[in-house]
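Structural description and commentary
Residues per chain are reported as follows:
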Amino acid sequence: MKKYIVLIMAIVVSIGAYSQTATEILEHIDRNMSSDNQVIESSMTIHGKRNSRTMTSITYTIGSEKSYTEYLSPVREKGTKMLKLTDKLWIYSPSTDRTIQISGHMLRQSVMGSDMSYEDAMDDRKLNEVYDAKVIGEEEIDGQKVIVLELKAKVDDIAYAARKIWVHKEKYISLKEELYAKSGQLLKQLTVSEVKMFDGRWYPTKMLYKDMLKKGKGTEMSIISIKFNQDIPEYMFTKAVLKQ
Amino acid sequence: MIKFLLKGILRDKSRSLLPIIVISLGVFLTIFMSGWMKGIFTDMVDMNAKFTTGHVKIMTRAYAENEKQIPNDLALLDAENWMQKLNTEYPDVEWVQRIHFGGLIDVPDANGETRAQGPAMGKAVDLFSENTNEPERMNITKSLVKGVMPSKSGEALISDEFAERFGVKLGDKVTIFGSTMYGSMMFQTFDVTGTISFGISMLDRGAIIVDIKDAQKALDMEDATSEILGYFKESSYDDIRADSLKADFNGKYSNIDDEYSPQMFKLTEQGILKEMLARGENMTSIMVFIFIIAMSIVLWNTGLLGGLRRYSEYGVRLALGEEKGHIYKTIIIEAIIIGFIGSVVGTILGVGACYYLQENGIDFSAMMKNVDMMMPPVYRAIVTPDLFYVGFIPGLVAMTLGNALAGYAIYKRKTATLFKELEV
């Protein structure tokens, strides 16, 4: 009898240790990816069926609630601005001098024809806050050791009910992600091809975002520069900034 | 003999009244249903041709594959060059460019911020060219509920339903938000000059109509078009002509290895029209077939009853020396006369009812609010030459067949037992 109790306790402890590990891994990832605030200049190359377009933008973010993006190029997109405040999103078009609120099913539409939706762009929450994780194995990607985690959503208001992520064992950055719908259908895939260190934290600087329901080569994203914990004025996150 | 039989038919109402009523009713129903269904199908084809399919339609192969998703990124480029080619090579067809687009119609408040928004189903057609037939073809002018047609660039018509729901007034501005041909954000503001209602819920839901040049500019589709539609100038749709036009064009210009090469489709092979038209044609044949079978059974029965009732009469005629073959012949001729009278009455009633419905129709729009098909709101019949025989011949055949079957019993009568039978 004692034998069984010891065995059961050992199993319980080992399960606890595994889930702890998974949670810790998510915390590590969140520490790398999240900050009180950040300013990112990035470029996005969208591979369409007939051509490819590259656009650059600068994004100011405070926590996971406030974000402001301004497109810098090309000419057609220059001056287009997006403001996210909690779960609301506004887009400003300089050509029409109009501010349009995007809501409902429109949030699932593609941003600028890319493989990323407005919903993807808006969700900055920490992984640990919205997912329960479980380590399901270890693998190698391009010679780099990764831990494979299975994530299940613990909140309802989330675009992807489950994720499978391949986390670099030392840098704690997802090198690959698969995003799934509630039905289990694979919706998006993210592949990171370059990781750099900024202010003592690892951050992905080149990645390919692929909408698995769309034909095409996906959308390439590159980080041109990133600054953490900047002094971002509060007016950047008001609707007034859109028309400036 | 015919005069004698006619007198019999007119004087002995019990011999003719029921068969005439039955045949008239059957012929009437056949003609009426046939005319009405043909009318609905004709209207549906006509409406689809005008709004979506043309008599023939040209798209890129890739666009055609995903047509329902309105993939303007796969639109036909070099549109003006194609228009010139088509006008030169096929001058007896009127060629027009059309662009479809989706997105949001956003109604601003006084500060230029979103007051209301709803899904947009945009159609861009040639509104301003000197010789354009598009507003008339799409019945846009007649569908105006309020306001006037756009007269210059930057003006649009929106669905009356949308305008009512979101309080959009004439002269207000609305912004279309969507994607350009290359996936960029598309914002374009239009002045609302009028509201429209086609009476077709599929078209009225979030409809916005703009000039094609405005759409090309907004959607980054300069010299590109979603589709080029062709309409036969001197005639209505002709399937054989469309077939030959399609074969000629596709043979010259469509390349199976190039997904952006143009491909021509004829009206009857687009969407669900092909299936519906085939069903529509079969429907008349099926109805006539059922009518002949059902009527023959009814009239056979009526003939049998008549034979029983006239049992003594036939017996006397046989006793007087009339041949069985002669009596059978009179039964058949009598049936033909009754069938003729019933068919004439039924045809007059059927064609008359069809004509009435052709002119007036029945408005089903209230029942079609959630129908996602391009269906006419008013169901009309159509009077075509075939209505004059589609019920008439079956009526005549059914009556003759029924009486021929019933009258055959005359050959089972035996002269030897006649007097015994007549004593009764």
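Going along each chain's sequence as written, the residues are numbered from 1 onward. The naming scheme follows written order: chains are lettered A onward, ligands numbered 1 onward. Given that this is a predicted model, residues contribute local features only at a pLDDT of at least 70 and side-chain atom pairs are listed and counted only at 80 or more, while totals for whole chains, interfaces and linings are drawn from all residues. With hydrogens and water stripped out, all remaining heavy atoms of the structure feed into the side-chain values.

Things to note about the nonpolar core
The following threshold applies: Among buried residues, the Ala, Val, Leu, Ile, Met, Phe, Trp, Tyr and Cys ones that are joined through side-chain atoms within 4.5 Å form a nonpolar core. Burial here depends on accessible area, computed with a 1.4 Å probe over protein chains only, as a share of the maximum for the residue type. Under 20% is buried, over 50% is exposed, and the range in between is partly exposed. Every helix listed is a DSSP run of H or I at least four residues long, and every strand listed is a run of E at least two residues long, numbered separately from the N terminus. Note on contacts: a residue pair qualifies if any of its non-hydrogen atoms lie within 4.5 Å across the two residues.
Of all hydrophobic cores here, the largest spans 51 residues; its most connected members are I102, Y118 and L149 of chain A together with F177 of chain B. Sorting elements by how many residues they give to this core places strand β8 (residues 144-153) of chain A first, with five residues. If near-sequence neighbours (up to four positions away) are discounted, F177 of chain B is found in contact with I91, I100, I102, M106 and Y118 of chain A together with G103, L104, M185, M186 and F187 of chain B. Counting residues in hydrophobic clusters, the runner-up holds 28 residues, among them I99, A116, F162 and V168 of chain B.

Description of the pattern of salt bridges
All names here are of chain B. This is how it is decided: Salt bridges, as used here, are contacts in which a Lys or Arg side-chain nitrogen is within 4 Å of a carboxyl oxygen on Asp or Glu.
All chains considered together, the criterion is met by 36 salt bridges over all chains. A salt bridge links E155 to K152, with the shortest nitrogen-to-oxygen separation between them at 3.0 Å. What you see here is one network of salt bridges that share partners, running through E94, R98, E134 and R137.

Brief notes about the packing of helix α1 (residues 2-11) of chain B against helix α12 (residues 324-359) of chain B
Residues and elements named next belong to chain B. As a reminder, the rule being used: Fitting a line to C-alpha atoms yields each axis, with helices limited to the stretch in contact; the angle taken between N-to-C directions then spans 0 to 180 degrees. Rotating anticlockwise by less than a right angle from the far helix to the near helix defines a left-handed crossing, while the corresponding clockwise rotation defines a right-handed one.
One can describe the packing of α1 onto α12 by two numbers: an axis separation of 10 Å at closest approach and a directional angle of 65°. For the crossing formed where α1 meets α12, the hand is right-handed. Touching I2, L5, L6 and I9 of α1 are T330, I333, E334, I337 and I338, all from α12.

As for the packing of helix α11 (residues 311-319) of chain B against α12 of chain B
Residues and elements named next belong to chain B. Using the following cut-off: These descriptions rest on fixed angle ranges, namely under 35 degrees for roughly parallel, over 145 for roughly antiparallel, 65 to 115 for roughly perpendicular, and the rest for oblique. We call Asp, Glu, Lys and Arg charged. Ala, Val, Leu, Ile, Met, Phe, Trp, Tyr, Cys and Pro are nonpolar, and the rest, Gly among them, are polar.
Two numbers describe how α11 lies on α12: the axes approach to 10 Å, and their chain directions differ by 140°. In terms of axis orientation, α11 runs oblique to α12. Every pair of crossing elements has a handedness; the one defined by α11 and α12 is right-handed. Across from Y314, R317 and L318 in α11, the residues of α12 making contact are K324, I327, T330 and I331. Across the contact of α11 with α12, the residue classes break down as four nonpolar, one polar and two charged.

Remarks on helix α9 (residues 239-253) of chain B
All names here are of chain B. This is how the line gets drawn: The span you would expect from a helix comes to 1.5 Å times its residue count less one. By arc we mean the arc of the directions from the helix axis to the C-beta atoms, nothing more. Nitrogen and oxygen atoms within 3.5 Å of one another constitute a polar contact, given that in protein one can donate a hydrogen and the other can accept it, and given that sequence-neighbouring residues count only through two side-chain atoms.
Taking 1.5 Å of rise per residue, the 15 residues of α9 would be expected to cover 21 Å, and the 21 Å separating its terminal C-alpha atoms lies within 8% of that figure. Listed as buried for α9 are A242, L245, K246, F249 and N250. End-on view of α9: buried residues confined to an arc of 120°, all on one side of the axis. Seen from the buried face of α9, the exposed residues on the opposite side, beyond 90 degrees, are I240, A247 and G251. Against the buried residues of α9 lie β1 (56-60), α4 (79-89), β3 (93-108), β11 (227-232) and β12 (262-266). The N-capping residue of α9, defined by a side-chain oxygen 3.1 Å from the backbone nitrogen of I240, is D238.

Remarks on the environment of I410 of chain B
Residues and elements named next belong to chain B. Here I410 lies in the loop between α14 (392-407) and α15 (418-423). For I410, a relative accessible area of 4% translates into the label buried. Sequence spacing of I410 and L318 is 92 residues, and the spatial spacing of their C-alpha atoms is 9.5 Å. I410 has contacts with Y314, K324, I327 and Y328, leaving out every residue within four places of it along the chain.

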